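Tertiary structure, described
These are the residues of each chain, in order.
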Amino acid sequence: RKGWLRWGDGTLDNRYMRTLRQKYAATKPKNGAFYHSWLSSLFFYAFNNRTSLFPSELPGDIRASFLNMPFLNGGLFAEGDLDRLGFDVPDDIFVTLFDRNIDGTSPGFLERYNFTIQESLPLEVEVAVDPEMLGRVYESLINEEDRHQAGIFYTPRIEIDYMCRLSLIEYLQEATGFSKDVLIPIVIAPASEDGQSELRKLGNEELNRLKAALDSVKVVDPAVGSGSFLVGMMNVLVQLYRAIAECQGHHENEFALKKRIISQNLYGVDVKDWAVRVCELRLWLSLIIESEESQMDIYGQPLLPNLTFKARQGDSLVEEIAGMPLSLRADYTYMPPSLKRRIQFIVDKKADYFRGDRSVSQHDIEYLEHELLREVLDSKIKAIDTDIRKLEARSAETFRDALASVRDHPAFAQVVLDAQEKERQQVEVQLQPLKSEKERLQKVASAIGKKGEKDYFLWDIDFAEVFLEKGGFDICIGNPPYVRQEEVAPPLEKAKDYD
């Protein structure tokens, strides 16, 4: 629909996918080749600007067309585990998608709908399948019983918008010192139709203070689902930035603005990996609607950011490695300079990866996170060793003093020995939790990365940049599962395994 897909002679085709399948059918191919050779080449190679990897069986005109594809990047079309295992889609499926629906009527499933990538505003209605539909799809992917247990329910957009605005008012009151009487009309209605926005009553210095607070806000949804709250917060921030820019006499580029907000303000976590993928897709779509070929080089530069380290898979309520709880929050208060430099290095690499720098991979950054965690654990273990040595030295010194007293005062030998034994027992009581904690941390350290990939979620490691900079998030927003505490259990385990 954007008109970006074109053929070898440069002809743009708004119905490119349907035409591509017709060209495929005309070649009288082997069953399954459309997905395995044609679509996989388009998705995984052409859209990622890896044109040297096209299979030799592609016809010349198709190869020429794929060389003209926009450089989407960002992981939107990235090979997953199923693809690497040789996952395939029979050609009959595409008949259902394009020609005849399951009930035999025409046209096929994809041809029945008017697809758009424009997210409607809270009070607008657009007759199309927009990205909000992803939230509905997300909710319906699980049967009703499991959906209730997992707390997967879609929150209507108008409620999301209202919750985002209220939480932003609370944050801005603390960050700027403005009263709620000033902030409420500004955040609820940044730009009024008559041009009399409350923002226009603020001076330039006050506008800059408001903008600085928006620049630094860190927002997380710990049960991100389809990303509805992140998109909702992004839309509110976009309105505020745009209104501030108008007051200051300049214009914000919507694509660059949204990309910046996603980069520096928004974070999400979900226990289900496929939910994180839907969230990423929702954010990508919100960017694509703002991108215009006339304004940027979509064929030479990567268009979409990599969102792997913005929305992360994991259990946001339970921080464990190898079944052992671990929290590093307090360590950020007294972090040595060497660890701060390591975290800053990771932050820089994440920024490079977000922008599409091919010299940095997801694996590279996760390895750096592994190493950061190991170094933090090593520093904690060394601190415990220091405490153990001090206690043991104190116990040894007490024993030496006791021996000297026995030599000097033999008549009081038993009293001295009893006192020394009492002191030894007290030291042992203090040593025991230290030794247990050291053993626990050593087990955690040995469990890191055993599967060859990152298999844990820790707030302080996954979002180290936020905890280093601010000690945590400014706004935690979302619609998490509302479940009685008696029913809380590991969300990825089977309910029948727990009483």
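Residues numbered from 1 in each chain as written. Predicted model: local features only at pLDDT ≥ 70, side-chain atom pairs only at ≥ 80, totals over all residues. Heavy atoms only, no water.

Our next topic: the packing of aromatic side chains. All told, the structure shown has 19 aromatic pairs when counted by the stated rule. On the numbers, 4.3 Å between centres and 25 degrees between planes, the contact of Trp7 with Tyr16 is stacked. Taking relative accessible area as the criterion, Trp7 reaches 11% and is therefore assigned buried. Tyr16 sits in the buried class, given a relative accessible area of 2%. (Phe/Tyr/Trp six-rings, centres within 6.5 Å; stacked < 30°, edge-to-face > 60°. Buried < 20%, exposed > 50% of the residue type's maximum accessible area, 1.4 Å probe, protein only.)

Considering the arrangement of structural elements, one finds Gly232 in helix H11 (residues 228–247). Taking the relative accessible area as the measure of exposure, Gly232 reaches 11% and is therefore buried. Sequence-wise, Gly232 and Met163 are 69 residues apart; in three dimensions their C-alpha atoms are separated by 9.1 Å. (Helix = DSSP H or I, 4+ residues; strand = E, 2+ residues; numbered from the N terminus.)

Looking now at the pattern of salt bridges. Side-chain pairing between opposite charges can occur once the charged atoms of the two side chains come close. Applying the stated criterion across every chain, the model contains 26 salt bridges. Note that Asp273 and Arg277 form a salt bridge whose closest N and O atoms lie 2.8 Å from each other. Linking Asp273 with Arg277, this pair stays in helix H13 (residues 273–288), spanning 4 residues, or about one helical turn. We classify Arg277 as partly exposed; its relative accessible area is 36%. A salt bridge links Arg374 to Glu371; the shortest N-O distance between them is 2.7 Å. Pair noted here: Arg374 and Glu371 are both in helix H15 (residues 362–408), with a separation of 3 residues, about one helical turn. We classify Glu371 as partly exposed; its relative accessible area is 22%. Connected through shared salt-bridge partners, Arg312, Lys350, Glu369, Asp462 and Glu465 make up one network. (Salt bridge = Lys/Arg side-chain N within 4 Å of Asp/Glu carboxyl O.)

The next thing to look at is H13. With 16 residues, H13 should cover 22 Å at 1.5 Å per step; its first-to-last C-alpha distance of 23 Å lies within 8% of that length. H13 sits mainly inside the fold: 12 of its 16 residues count as buried. Residues of H13 that are buried include every one of Ala275, Val276, Val278, Cys279, Glu280, Arg282, Leu283, Trp284, Leu285, Ser286, Leu287 and Ile288, and no others. (Expected span 1.5 Å × (residues − 1).)

Here we take up unusual backbone geometry. Across the chain, the bulk of peptide bonds are trans and the bulk of non-glycine residues have phi less than zero. Note that the residue after Ser106, namely Pro107, is joined by a cis bond; omega there is -5 degrees. Here Pro107 shows up in the loop between helix H5 (91–98) and helix H6 (132–140). Here the phi dihedral of Asn49 falls at roughly 60 degrees; this positive angle occurs in a residue that is not glycine. Mapped onto the fold, Asn49 is located in the loop between helix H2 (33–45) and helix H3 (60–66).

Let's shift gears to the nonpolar core. Ranked by size, the top nonpolar core spans 76 residues in total, and within it Leu20, Leu42, Phe66, Leu168, Leu172 and Met233 carry the most contacts. Top element by residues in this core is H11. It accounts for 12 residues. Contacts of Leu20, omitting those with residues within four sequence positions, involve Trp7, Phe34, Trp38, Leu39, Leu42, Ile62 and Phe66. Counting residues in each nonpolar core, the second largest holds 43 residues, with Val269, Leu372, Phe457 and Ala464 among its members. (Core = buried A, V, L, I, M, F, W, Y, C linked by side-chain atoms within 4.5 Å. Contact = heavy atoms within 4.5 Å.)

The next thing to look at is the sheet that holds strand E2 (residues 266–270). Two pairing modes exist for strands in a sheet, parallel and antiparallel, and in both the strands are linked by backbone hydrogen bonds. A sheet is described by the order of its strands in space; here 4 strands give the open sequence E3-E2-E1-E6, paired in parallel fashion. Only two strands of the sheet have a single partner each, and these edge strands are strand E3 (311–313) and strand E6 (475–476). Pairing geometry for strand E1 (residues 219–221) and E2, over 3 bridges, is parallel. Each residue of the ladder has a partner; that of Asp221, found in E2, is Gly268. (Pairing = 2+ DSSP bridges.)

Glancing now at the environment of Arg6. Of note, Arg6 is situated in the segment before helix H1 (16–26). A polar contact of 3.4 Å, which involves the side chain of Arg6, links it to the backbone oxygen of Asn68. (Polar contact = N/O pair within 3.5 Å; in protein donor to acceptor, adjacent residues only side chain to side chain.)

The contact between helix H8 (residues 157–176) and H11 brings their axes to 9 Å, and the two run at 60 degrees. The angle between H8 and H11 places the two elements in the oblique class. Viewed along their axes, H8 and H11 form a crossing whose handedness is right-handed. Facing Ile160, Asp161, Met163, Cys164, Arg165, Ser167 and Leu168 of H8, the residues of H11 in contact are Ser228, Phe229, Gly232, Met233, Val236, Leu237, Gln239 and Leu240. Grouping the constituent residues of the contact of H8 with H11 by class yields 9 nonpolar, 4 polar and 2 charged. (Axes fitted to C-alpha atoms, helices over the stretch in contact; angles between N-to-C directions. Parallel < 35°, antiparallel > 145°, perpendicular 65-115°, else oblique. Left-handed = near helix turned anticlockwise from the far one by under 90°. Nonpolar A, V, L, I, M, F, W, Y, C, P; charged D, E, K, R; others polar.)

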